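A look at the structure
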Amino acid sequence: CVCVCVCARACVRACVCVCVCVRVRNLFSFSCFSILLVVYELWFKQILVELTSIRNIFLGATIDESHMLIVTSRLGRVTTIMKLLTEQFAVIESMTPMDFLDFRDYLAPASGFQSLQFRLLENLIGVKKEQRVAHQQHYASVFTGKSAEALADSESCATLLDVITKWLERTPGLEEEGFNFPKRYSEAVESMLKEELTNAEKMSSPEDVERLKKGYDRDREMFDTLFDQAKHEACVERGERRLSHKAMLGALLIYLYRDEPRFNQPFQFLQLLMDLDSLMMRWRHNHVNMVQRMIGTRVGTGGSSGYHYLRATISDRYKVFVDLFNLCTFLVPRQLLPVMTPEFLRDLTTYTVHMDTSQSHPSLSNTADFLGMPAQHQGHDPQSSSSS
């Protein structure tokens, strides 16, 4: 923390020195602009710390259920920071375009394209190289030395999307020998679609019958992409989906049974992941509006196409958890929801005591664990260990 504060103070002093050396006409606007950029970078650093700690908790082969409060708390903090960052563009917009033009030339060739921490953040969440908007230069080409090494490492490390996918694949109830949610859910969908077709055929108007049957065909095709693994993987290849087939079903199970105590916290966590994605997109959107307001469609100081490049980044290709948003497509009415079997409910609520020989006391763990894996006593507090 001390190092970060010293670094921030040094950056602010450097901004003032630049103002004096180049004799910037509008000292106050330049100072405001520079300090705000420093603030952004400091918050990016904190977000990286929080998301890295969450990623590391999910990296383990087993996940202690007691850690869920920690990860939801930290992810909630990240979304709060992101809300703050989206609102701070209003401070920059308090300048007029002429105010910005007074010192814009002194910024070149620096650009927001060169923010290492924002690139690390994108990679950590799960933005893949093939999903990025084509640019006249590779996004990593502006970095050298240790910065380039850090960026390369972030591309090869497990992302938040990777660990969340594996976590969802362990959702209890997906096993064929158990509750077998996929089979029971497909039967519920079949019943829903059959009723939809029956209602369409009852319509008196031929035009209405044709219209509703087309809707039925679209729904049938849509659900087939969920039930047929090959069709799901084709969607992944086209970039339409990110989660694996099994993880998609696990997330859907959590959504449908979110009122169950066992799935309440997982549901809240998935909601926060969507909040993170939404806020990242809102940040991009506010950034685009601010750039257009200040420089119109002029070329960026770093050589990019400026507004046109930034506008292209506001799309689902930069939405890492887009599958969670689309889960609502596959919801079924409550009256058709498969009833949980007594055996499955018992598995979700059964607790046993496991002795840890390295400790002087037994540790309580859930045999189903959080999302299907047996909990293990870790022998340390993840909150304190990550802080150190």
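The structure we're discussing is the one just above.
A brief report on the enclosed structure follows. (Residues numbered from 1 in each chain as written. Predicted model: local features only at pLDDT ≥ 70, side-chain atom pairs only at ≥ 80, totals over all residues. Heavy atoms only, no water.)

Quick word on empty space enclosed by the protein
Evaluated as defined, the whole model comprises one cavity of 30 Å³ or more. Size it by volume and the largest cavity reaches roughly 40 Å³. Lining the largest cavity, in full, are Glu-122, Ile-125, Val-127, Asp-277, Met-280, Arg-284, Tyr-318 and Val-320. Of all the secondary-structure elements, those providing two or more residues to the lining of the largest cavity are helix 6 (116-125) and helix 13 (261-295). (1 Å grid on protein atoms, 1.4 Å probe; cavity = no way out; pocket = protein on both sides within 12 Å on 5 of 7 lines; lining within 4 Å. Points joined across faces, edges and corners; volume = space filled by probe spheres on them. Helix = DSSP H or I, 4+ residues; strand = E, 2+ residues; numbered from the N terminus.)

Things to note about the packing of helix 9 (residues 181-201) against helix 10 (residues 206-227)
Where helix 9 contacts helix 10, the two axes come as close as 9 Å, and the packing angle between them is 170°. Between helix 9 and helix 10, the angle falls in the class roughly antiparallel. For the pair helix 9 and helix 10, the contacting residues are Tyr-185, Ser-186, Val-189, Glu-190, Met-192, Leu-193, Glu-196, Leu-197, Ala-200 and Glu-201 in the first and Val-209, Leu-212, Lys-213, Gly-215, Tyr-216, Asp-219, Arg-220, Phe-223, Leu-226 and Phe-227 in the second. Across the contact of helix 9 with helix 10, the residue classes tally to 12 nonpolar, two polar and six charged. (Axes fitted to C-alpha atoms, helices over the stretch in contact; angles between N-to-C directions. Parallel < 35°, antiparallel > 145°, perpendicular 65-115°, else oblique. Contact = heavy atoms within 4.5 Å. Nonpolar A, V, L, I, M, F, W, Y, C, P; charged D, E, K, R; others polar.)

Overview of the layout of surface pockets
The calculated volume of the second largest pocket comes to roughly 270 Å³. In this structure, the second largest pocket is lined by 13 residues; those nearest its centre are Leu-48, Thr-52, Leu-120, Leu-124 and Ser-154. Contributions of two or more residues to the lining of the second largest pocket are made by helix 2 (27-58), helix 6 and helix 7 (145-156). Considering each element in turn, the lining of the second largest pocket owes the most residues, five residues, to helix 2. A breakdown of the residues in the lining of the second largest pocket according to their chemical character gives seven nonpolar, three polar and three charged.

Focus: the packing of aromatic side chains
In this description, an aromatic ring pair is defined by two values, namely the gap between the centres and the angle between the planes. What the rule picks out here adds up to 22 aromatic pairs. Relative to Phe-103, the ring of Phe-33 has its centre 5.5 Å away and its plane inclined at 50°; by these criteria the two rings are tilted. With Phe-33 in helix 2 and Phe-103 in helix 5 (residues 97-104), the pair connects residues that are 70 residues apart, well separated along the chain. Residue Phe-103 is classed as buried on the basis of its relative accessible area, which comes to 0%. Each ring, one from Phe-58 and one from Phe-269, has its centre 5.4 Å from the other, and the planes form 25°; the classification is stacked. Placement of the pair is Phe-58 in helix 2 and Phe-269 in helix 13, with a sequence separation of 211 residues. There is no split in this pair, since Phe-58 and Phe-269 are both buried. (Phe/Tyr/Trp six-rings, centres within 6.5 Å; stacked < 30°, edge-to-face > 60°. Buried < 20%, exposed > 50% of the residue type's maximum accessible area, 1.4 Å probe, protein only.)

Nothing here speaks to function; it is geometry throughout.
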